[in-house]
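The lines below spell out each chain.
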Amino acid sequence: MTKIRKSSIEMDKEEFRKIGYQLIDDISSFIDSIDQKPVTQNESPSQLQELLGNSSLPENGRPAAELMSKTTDLLFNHSLLNGHPKFFGYITSSAAPIGALADLLAASVNPNVGAHILSPMATEIEKQTIRWLCNFIGVPSAYGGILVSGGNMANFTGFLAARTAKAPQNIKEDGIQNTSNKLRVYCSKTTHTWIEKAVVLFGLGTKSVRWIPTDASNKMDIKVLETTIKNDLENDCLPLMVVGTAGDVSTGVVDNLGEISAICKTYNLWFHIDGAYGVPAAIVPKFNHLFEGIKEADSIALDPHKWLYSPLEAGCTLVKNPQHLIDTFSSHPEYYNFSNIGDDKAQNFYEYGLQNSRGFRALKVWLTLQQVGRNGYEKLISEDIELSEMLYDLADKHPELEAVSQNLSITTFRYVPKESANNMEYLNTLNEAILNELQTGGEVFLSNAIVKGQYSLRACIVNFRTSKKDIQEIIEIIIRTARKVHLKIFQAVE
Ligand SMILES: *Cc1c(COP(=O)(O)O)cnc(C)c1O
């Protein structure tokens, strides 16, 4: 290409090649040696600010090669590495390397996947990705949907479709304040915080949420659900939707989706499944029964950046009748010339969700689905679950540990020294102190869960790099750290 305009932002072919090759070399070494690094460096915000320096916006530009080499160093050596084989915090997976390449490619072509005309191939790839995700979790590919930034957005998208479908039609013009009956949504106490954001942001208010208690197995109590709905109907409320959780954040428990769907049918409510974490496990025959009823869902949220190992960000909403998305999000401003060419219907994703301009996040999901395939995913997810079960067994057998829960790939457990076995308050303080010590130590990264009032350590394994050896090793790390913390606190109290 002969360049007529000289732009400071352009890179010529040779420069891009050189910097790109170097970057790829550096990334491949980073990935190859990730297990040799600490999971986290435990640096304080001020230490990091010092590293960055507090200079103001650069007046003049600097060579890209120099910037890239400095930046790889900053990120490789001062990040928390969730791709480390001993990272088990929250629900953040290791990221498929092909996803990194996909993001580079997607950014290079830079399609705007808001409208077909602006992203012809990318739009078709996103449509195919959505169909494959339907196949993956076992719902008919007549479901439609959209990729979004993550689980929160995926749940919001389903929530808004439910509101359009089940609230009085006039709320579009009159607003929610003019509904004559109070709108209600139902979910179990284990539901992720997205529901609170949703009812605040979308005008229902936090009092619209009916928090249904859980039964002994930590699933939504269906009897209480039904009596609550009946009671609301008798009191001039308008029930809209029930949220079933498929893999709760703390312990991985899947609600009884079949029973929830039956209730939704009886009372004509929208059935939404928050499967952000757990729903990919439906691909494993042994666990498929947990997701019975999934085909009845009006909408489903899932998170490819969790158990499909996509790099952040990638969430997805699937809707049984995608027309509900269009009814909710579509508008046709005069400045859009996105109408269809002939009979061949062009899908414009801006009509399916909250975003207008949209990046090509489908590419990394699409490529990983092909690189791994159904069988590959079944194996990866089964292995994560097996590792989690192994951790539970090791904790159960260890005289100083108490295994608390194990569902899908989440295990919770506690350190219980003999002399304090009956001191509940101390055990909570102790385990919290142990977690803090572990999180800053850099050898392993766990998070916490409060299970039946007990502060527990929690490992969620959505990590294709973790091996049995890692699980054995983390038991040693945890015991060594726990003994040290116990000694310190116990002595201070004595
Ligand atoms: C992770 C998670 C969310 C939130 O997803 P983000 O991707 O963090 O926005 C919602 N619900 C459940 C069940 C989750 O596991």
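Rules used throughout
- Residues numbered from 1 in each chain as written.
- Predicted model: local features only at pLDDT ≥ 70, side-chain atom pairs only at ≥ 80, totals over all residues.
- Heavy atoms only, no water.
- 1 Å grid on protein atoms, 1.4 Å probe; cavity = no way out; pocket = protein on both sides within 12 Å on 5 of 7 lines; lining within 4 Å.
- Points joined across faces, edges and corners; volume = space filled by probe spheres on them.
- Helix = DSSP H or I, 4+ residues; strand = E, 2+ residues; numbered from the N terminus.
- Nonpolar A, V, L, I, M, F, W, Y, C, P; charged D, E, K, R; others polar.
- Domains from an automatic or database assignment.
- Near = heavy atom within 4 Å.
- Polar contact = N/O pair within 3.5 Å; in protein donor to acceptor, adjacent residues only side chain to side chain.
- Areas by Shrake-Rupley, 256 points an atom, 1.4 Å probe, with all protein chains shown as cover.
- Sits in = over half its atoms within 2 Å of the grid points.
- Buried < 20%, exposed > 50% of the residue type's maximum accessible area, 1.4 Å probe, protein only.
- Contact = heavy atoms within 4.5 Å.
- Pairing = 2+ DSSP bridges.
- Axes fitted to C-alpha atoms, helices over the stretch in contact; angles between N-to-C directions.
- Core = buried A, V, L, I, M, F, W, Y, C linked by side-chain atoms within 4.5 Å.
- Salt bridge = Lys/Arg side-chain N within 4 Å of Asp/Glu carboxyl O.

**Student:** Honestly, the layout of surface pockets in this entry has me stumped. Any pointers?
**Tutor:** Considered as a void within the structure, the largest pocket measures approximately 1,200 Å³ in volume. In this structure, the largest pocket is lined by 37 residues; those nearest its centre are Ile27, Phe30, Ile31, Phe76 and Ala100. For the lining of the largest pocket, the secondary-structure elements that each account for two or more residues are helix H1 (13-32), helix H3 (64-77) and helix H4 (97-109). For the lining of the largest pocket, the leading source of residues is H1, giving 10 residues. The residue makeup of the lining of the largest pocket, split by class, is 24 nonpolar, 11 polar and two charged. Viewed by domain, the lining of the largest pocket spans two of them, domain 1 (13-54 + 61-81) and domain 2 (112-360), each represented by three or more residues.

**Student:** For this particular structure, what's the right way to read the site of the ligand?
**Tutor:** Not every one of the 14 residues close to the ligand is listed here, only the nearest: Gly151, Asn152, Asp274, Asp303 and Lys306. His305 places a polar side-chain atom, nitrogen or oxygen, 2.8 Å from an oxygen atom of the ligand. At a separation of 2.8 Å, an oxygen atom of the ligand approaches a polar side-chain atom of Lys306. Out of a free accessible area of 380 Å², the ligand has 85% covered by protein chains. Because more than half of its atoms lie within 2 Å of the grid, the ligand is assigned to the second largest pocket. In terms of residue count, helix H6 (residues 151-166) provides more of the shell around the ligand than any other element does, three residues in total. The class makeup of the residues in the shell around the ligand is four nonpolar, seven polar and three charged.

**Student:** Just to check I follow, could you spell out unusual backbone geometry for this structure?
**Tutor:** For residues besides glycine, phi is generally negative; the peptide bonds are generally trans as well. Of note, the bond from Leu312 into Glu313 is cis; its omega dihedral lies within 30 degrees of zero at 0°. In this structure, Glu313 sits in the loop between strand S6 (299-302) and strand S7 (315-319). Although it is not a glycine, Tyr309 sits at a positive phi angle of roughly 60°. Its location among the elements puts Tyr309 in the loop between S6 and S7.

**Student:** Teacher, can you tell me more about the environment of Gly275 here?
**Tutor:** Along the chain, Gly275 turns up in the loop between strand S5 (270-274) and S6. Overall, Gly275 belongs to the buried group, its relative accessible area being 0%. Contact partners of Gly275, with chain neighbours within four places excluded, come to Ala246, Pro280, Ala301 and Leu302.

**Student:** Can you walk me through the sheet that holds strand S11 (residues 454-460) in this structure?
**Tutor:** Pairing in this open sheet of four strands is antiparallel, and the strands run S8-S9-S11-S10 from one edge to the other. Among the strands making up the open sheet, the edge pair consists of strand S8 (401-407) and strand S10 (447-451). Averaged over neighbouring strand pairs, the angle between their axes works out to 35° when direction is ignored. As judged from the four bridges shared by strand S9 (residues 410-415) and S11, these two strands associate in the antiparallel manner. Bridge pairing in S11 places Thr412 opposite Arg458. Helix H12 (residues 362-397) rests against S8, S9 and S11 of the sheet, and its axis sits at about 155° to S8.

**Student:** Would you mind showing me how to read the domain arrangement of the protein chain here?
**Tutor:** By a frequent convention, interface size equals the accessible area lost on bringing the separate parts together. Structurally, the protein chain comprises domain 1 (13-54 + 61-81), domain 2 (112-360) and domain 3 (374-493). Inter-centroid distance (C-alpha atoms) of domain 1 to domain 2 is 37 Å.

**Student:** Just checking my understanding: could you explain the nonpolar core for this structure?
**Tutor:** The nonpolar side chains of a soluble globular protein tend to be buried, and buried together. Phe159, Leu318 and Ile381 are the most contacted members of the largest nonpolar core, which totals 93 residues. If one sorts the elements of this core by residue count, H12 sits on top with eight residues. The contacts of Leu318, once residues within four sequence positions are left out, are Ile130, Cys134, Ile137, Val139, Tyr143, Gly144, Gly145, Asp298, Ser299, Ile300 and Leu302. Listed in part, the 28 residues of the second largest apolar core include Ala395, Ala403, Leu438 and Ala482.

**Student:** Sorry, what's going on with the environment of Thr157 here?
**Tutor:** Along the chain, Thr157 turns up in helix H6. Between the C-alpha atoms of Thr157 and Phe329, which are 172 residues apart in sequence, the distance is 9.3 Å.

**Student:** What should I look at first to understand the pairing of S9 in this one?
**Tutor:** A regular strand carries its side chains on alternate faces of the sheet. With respect to burial, S9 is a largely interior element, six of its six residues being buried. By the alternation rule, side chains of S9 split into Ile410, Thr412 and Arg414 and Thr411, Phe413 and Tyr415, which are all buried. Looking at chain direction, S8 and S9 are connected through six bridges and run antiparallel. If you follow Ser405 over to S9, its bridge partner there is Thr412. Count of turn residues in the S8/S9 antiparallel hairpin: two residues, of which Leu408 carries a positive phi of about 45°.

**Student:** Please clarify how the pattern of salt bridges should be interpreted in this entry.
**Tutor:** Close approach of charged atoms lets side chains of opposite charge pair. As enumerated under the stated definition, the model contains 16 salt bridges in all. Residue Glu124 pairs with Lys127 through a salt bridge whose shortest N-O separation is 3.2 Å. In this pair, Glu124 and Lys127 both sit in helix H5 (residues 120-137), three residues apart, roughly one turn of the helix. Here Glu124 falls in the partly exposed class, since its relative accessible area comes to 32%. A salt bridge links Arg358 to Glu126, with the shortest nitrogen-to-oxygen separation between them at 2.7 Å. Taken as a pair, Arg358 in the loop between helix H11 (323-329) and H12 and Glu126 in helix H5 lie far apart in primary sequence, 232 residues in all. Look at Arg358 and you get buried, because its relative accessible area is 3%. Owing to a relative accessible area of 0%, Glu126 belongs among the buried residues under this scheme. Salt bridges sharing partners connect three or more residues here, namely Lys86, Lys469, Asp470 and Glu473.

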